Amino acid sequence: MTDADSDDRRLPAARPDGGTASDEVTLDPWGSATVSDYRKLFEQFGIEAFETVLNEVPNPHYLMRRGVIFGHRGYDAVAAAMRHDEPFAALSGFMPTGDPHIGHKLVFDELIWHQQQGGDAYALIADLEAHSARGLSWAEIDEHARDYVLSLLALGFDPEDGELYRQSRNRTVQDLAFELGAEANVSELQAIYDFDGKTDISHMQSVVTQMADILYPQLDEPKPTVIPVGPDQDPHVRLARDLAARVRYFGVTEAYASFEADPAERAVIAEAYRELRAETADDGQVRCGDAAEYLAETTAVGEPAVRERAQTLLREAGKEPLRPRVRVVDRNATEAAFEALIEAIDGEKRVYEAHIDAFDLDREAVEELAREVELAHGGYGFQPPVSIYHRFMTGLTGGKMSSSVPASHISLLDDPEEGAEKVRAATTGGRETAAKQRELGGRADECPVYELYAYLLAGPDDEFAKRVYDECVGGERLCGDCKEQAAQLMETFLEEHQQKRAEWADRLDELEIEFDTDR
Ligand code: SF4
């Protein structure tokens, strides 16, 4: 796979980041949703560029092809499940704080697409979060919940095949939240979410509830599960990945000798082992002490401080042979599960008080055994949840799209003509005069109207999106006509969407989910 290949499959998306604004990137789930520079998220938080997995996805969605979905954590696992026809799931949640708008449509579409690719799809109404973190009344929450669900259904979510629920009504989620809460403490939530002594307990409970939401699809059976969200939700995803590992019975790592080493030390020891192994006769043994000496004489391996620590460990182990092995550490296993895993490991093994070293199996095989034993003994066996992140849409009036500024966004409930008017009134990336536009071309990359085409109006039609882009930057497209075309497409979209919503509104009682909160 070359860069050129992946570029071929990408269309220009509007890039509101431009890399200009402030250097500060914060990810705050309850703050304002702006990200000045998406590239910083890669370096600062370890979110990976979506391009790195795009070619592994069998039929990438247009939001993936156009770079609207720009980042991920661990999506490789979901892409692999799709390719091999193995089970996978997608889940996202919506805080019912206002009308669903075209920004939410991105997430609805992502869920629906994963469902159409064969995944188990889940959508939840985060009513506990809306009540505790945003202070909405139950009556407001009920009304908005209904609106979110209607739009999701109108866009194609299949409620027979997928699951819709409200956090407050899902007893299984509540129970799981309770269990996960036992693995997290207040200091940790403070550090992650900037909570302080005044943060109320219900707000914290909504955090563990979200953790349970994220892991809920894996209660039937562990499977790759993607959480499509905006990057503001990344702190939640990181915590969920941590908790998923913390409740596991066993942790699987690699080791070279009986002592414990951290990942950096292990890398240095691995390097020393490889070097010495190559110099040693086939039947000879590499000893820990030899590796300590080797490291004392080189500056080429690892950071000095790490090299120092690795040397100490190796020197203390002295004559012990250095041999690669897979190590299983007991985290939460029951005694019976620990015994069963010892039994299940084939070939040479060594059993210690709280870990087992396996010499003849590779890491993947041991991980699989550990999960099987865990499941057989009542554990969850969770896989780390996966995420994908989409760009936030720019507001139609420039700046950010805000639910509290009606002209900045198009609600899925807007009267179609009114929606079209908002498009006609939108800020553009056009030049001051038509003559200049013909000469210099428009700035589609900075144009909220181009964004509408790329994110929504062009639908899956890449050629159309590309034509708009090329005509704009080539100076053949003028903003007046361009906006008129977009306005008409928006009007048609809203009409059709609302027609489908009305059809579903008559059938809502077929669903399991309730919209009347009795509290
Ligand atoms: Fe935006 Fe269209 Fe004008 Fe280009 S021609 S700047 S895409 S409104």
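How each quantity is defined
- Residues numbered from 1 in each chain as written.
- Predicted model: local features only at pLDDT ≥ 70, side-chain atom pairs only at ≥ 80, totals over all residues.
- Heavy atoms only, no water.
- pLDDT = per-residue confidence, 0-100.
- Contact = heavy atoms within 4.5 Å.
- Phe/Tyr/Trp six-rings, centres within 6.5 Å; stacked < 30°, edge-to-face > 60°.
- Buried < 20%, exposed > 50% of the residue type's maximum accessible area, 1.4 Å probe, protein only.
- Helix = DSSP H or I, 4+ residues; strand = E, 2+ residues; numbered from the N terminus.
- Lys NZ or Arg CZ within 6 Å of the ring centre and 35° of its normal.
- Pairing = 2+ DSSP bridges.
- Axes fitted to C-alpha atoms, helices over the stretch in contact; angles between N-to-C directions.
- Salt bridge = Lys/Arg side-chain N within 4 Å of Asp/Glu carboxyl O.
- Patch = residues over 30% accessible without salt bridge, like charges linked within 9 Å, V, L, I, M, F, W, Y side chains within 5 Å.
- Areas by Shrake-Rupley, 256 points an atom, 1.4 Å probe, with all protein chains shown as cover.
- Lys, Arg positive; Asp, Glu negative; His and termini not counted.
- Charge placed at Lys NZ, Arg CZ, Asp CG, Glu CD.
- 1 Å grid on protein atoms, 1.4 Å probe; cavity = no way out; pocket = protein on both sides within 12 Å on 5 of 7 lines; lining within 4 Å.
- Points joined across faces, edges and corners; volume = space filled by probe spheres on them.
- Nonpolar A, V, L, I, M, F, W, Y, C, P; charged D, E, K, R; others polar.

Enquirer: Explanation requested: the confidence of the model for the protein chain in the structure shown.
Expert: Residues of the protein chain with pLDDT of at least 70 account for 94%, and the chain-wide mean is 92. This stretch, residues 1–11, has a pLDDT under 50; its non-local contacts, to residues over four places away or in other chains, come to 20 contacts.

Enquirer: Teacher, can you tell me more about the packing of aromatic side chains here?
Expert: Tallied over the full model, the rule gives 14 aromatic pairs. Centroid distance Tyr249 to Phe250: 6.4 Å. Interplanar angle 75°. Geometry classified as edge-to-face. Take Tyr249: its relative accessible area is 9%, and that puts it in the buried class. An angle of 85° between the planes, with centres 5.8 Å apart, marks the rings of Tyr453 and Phe464 as edge-to-face. Here the residue Tyr453 occupies a position in helix H20 (residues 448–457), and Phe464 occupies one in helix H21 (residues 462–473), the gap between them amounting to 11 residues. By relative accessible area, Tyr453 is classed as buried at 0%. Given the relative accessible area of 10%, Phe464 is considered buried. The positively charged end of Arg391 is found above the aromatic ring belonging to Tyr38, 5.0 Å away from the centroid. In this arrangement the basic side chain of Arg507 is found over the ring face of Trp504, its NZ or CZ atom lying 4.2 Å from the centre.

Enquirer: Is there a simple way to explain the sheet that holds strand S10 (residues 355–358) in this structure?
Expert: What links the strands of a sheet is backbone hydrogen bonding, and the strands pair in either a parallel or an antiparallel sense. Strand order in this open sheet of four strands is S7-S8-S10-S9, and the pairing throughout is antiparallel. Only two strands of the sheet have a single neighbouring strand rather than two, namely strand S7 (250–255) and strand S9 (349–351). Ignoring strand direction, the axes of neighbouring strands in this sheet form an average angle of 20°. The pairing of strand S8 (residues 325–330) with S10 spans four bridges and is classified as antiparallel. Its bridge partner being in S10, Val326 is matched across the sheet by Ala358. Against the sheet, helix H17 (residues 363–376) engages S7, S8 and S10, with an angle of about 165° to S7.

Enquirer: Help me understand the pattern of salt bridges, please; the structure alone is not making it clear to me.
Expert: Side-chain pairs of opposite charge can arise where the charged atoms are in close proximity. Evaluation of the coordinates by the stated rule reveals 30 salt bridges. Here Arg166 and Asp142 are joined by a salt bridge, their closest N and O atoms 3.0 Å apart. With Arg166 in strand S5 (residues 163–166) and Asp142 in helix H8 (residues 138–154), the pair connects residues that are 24 residues apart, well separated along the chain. Residue class for Arg166 comes out buried when judged on its relative accessible area of 3%. The class of Asp142 is buried, set by a relative accessible area of 10%. A salt bridge links Arg246 to Glu188; the shortest N-O distance between them is 2.6 Å. In this pair, Arg246 sits in helix H12 (residues 234–246) while Glu188 sits in helix H10 (residues 186–193), placing the two residues 58 residues apart along the sequence.

Enquirer: Whenever I open this one, a negative patch on the surface confuses me. Can you help?
Expert: Taken together, the side chains of Asp120, Asp158, Glu160, Asp161, Asp220 and Glu221 make up a negatively charged region of the molecular surface. Relative to the assigned elements, Asp220 resides in the loop between helix H11 (201–215) and strand S6 (225–229). In this structure Asp220 comes out as exposed when scored by relative accessible area, which is 63%.

Enquirer: Looking at this model, I keep getting lost on the layout of surface pockets. Mind explaining?
Expert: Rolling a probe over the atoms, with the probe sized like a water molecule, indicates the empty space that remains. Here the second largest pocket defines a volume of roughly 1,000 Å³. Arg248, Glu367, Arg371, Gln383 and Pro384 are the residues nearest the centre of the second largest pocket, which is lined by 33 residues in total. Breaking the lining of the second largest pocket down by element, the ones donating at least two residues are helix H5 (76–83), H12, S7 and H17. Of all the elements, H17 adds the most residues to the lining of the second largest pocket, at eight residues. Among the residues forming the lining of the second largest pocket, the class breakdown is 15 nonpolar, five polar and 13 charged.

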